[in-house]
Amino acid sequence: MIVYDIVLNGEIKETIKPKKNRLKEIYSFMLEQSKLMKAKYGENVKIKGRIVY
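Quick caveat, the model's predicted, so the values are computed rather than measured.

**Q** Sorry, what's going on with the overall build of the chain here?
**A** Counting its regular elements, the chain contains one helix and three strands. Counted from the first residue to the last, the chain has its helices and strands arranged as β-β-α-β. Overall, the C-alpha framework of the chain stretches about 30 × 25 × 10 Å when taken along its three principal axes. Sorting the 53 residues of the chain into buried and exposed places 26% on the buried side. Considering only intrachain contacts with a sequence separation of at least 6, the fraction spanning at least 24 residues in the chain is 54%. Entry remark: accessible area of the chain is about 4,400 Å², with carbon and sulfur atoms responsible for 54%. Considering the chain, the positive charge centre built from 12 side chains and the negative charge centre built from 6 side chains are found 4 Å apart.

**Q** Help me out: how do you make sense of unusual backbone geometry in this one?
**A** Working note: non-glycine residues mostly have negative phi, and peptide bonds are mostly trans. Although it is not a glycine, Asn9 adopts a positive phi angle of roughly 55°. Here Asn9 is to be found in the loop between strand S1 (2-8) and strand S2 (11-16).

**Q** Would you mind going over the sheet that holds S2 with me for this structure?
**A** Each strand in a sheet pairs with its neighbour through backbone hydrogen bonds, running either in the same direction (parallel) or in the opposite one (antiparallel). Strand order in the open sheet formed by three strands is S2-S1-S3, and the pairing between neighbours is antiparallel. On the outer flanks of this sheet lie S2 and strand S3 (45-51), each paired with one strand and no other. Across this sheet, the average inter-strand angle for adjacent strands is 30°, counted without regard to direction. Contacts between helix H1 (residues 23-41) and the sheet are confined to S1, S2 and S3, with S2 contributing the most and set at about 140° to the helix.

**Q** Teacher, can you tell me more about the pairing of S1 here?
**A** Across the seven residues that make up S1, a large majority, six, are buried. In this sheet, S2 lies alongside S1 in antiparallel orientation, the contact comprising five bridges. Bridged to Leu8 within S2 is Glu11. Taking the residues that link successive antiparallel strands as the turn, the S1-S2 hairpin has two residues, and the phi of Asn9 there is positive, at about 55°.

Reading guide: rules and limits
- Residues numbered from 1 in each chain as written.
- Predicted model: local features only at pLDDT ≥ 70, side-chain atom pairs only at ≥ 80, totals over all residues.
- Heavy atoms only, no water.
- Helix = DSSP H or I, 4+ residues; strand = E, 2+ residues; numbered from the N terminus.
- Buried < 20%, exposed > 50% of the residue type's maximum accessible area, 1.4 Å probe, protein only.
- Contact = heavy atoms within 4.5 Å.
- Areas by Shrake-Rupley, 256 points an atom, 1.4 Å probe, with all protein chains shown as cover.
- Lys, Arg positive; Asp, Glu negative; His and termini not counted.
- Charge placed at Lys NZ, Arg CZ, Asp CG, Glu CD.
- Pairing = 2+ DSSP bridges.
- Axes fitted to C-alpha atoms, helices over the stretch in contact; angles between N-to-C directions.

Structure representation (structure tokens):
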């Protein structure tokens, strides 16, 4: 399962888990989420993906 951590100033603020596993759907979901997170936390936010077994 792929999850995405929202990192602000080196600190993880929240973790996003996409509901679907198809790459096309994850890509469009994360584009939307990245816009929302930049609006919520500002431009200094980083989104890092990781795999959870």
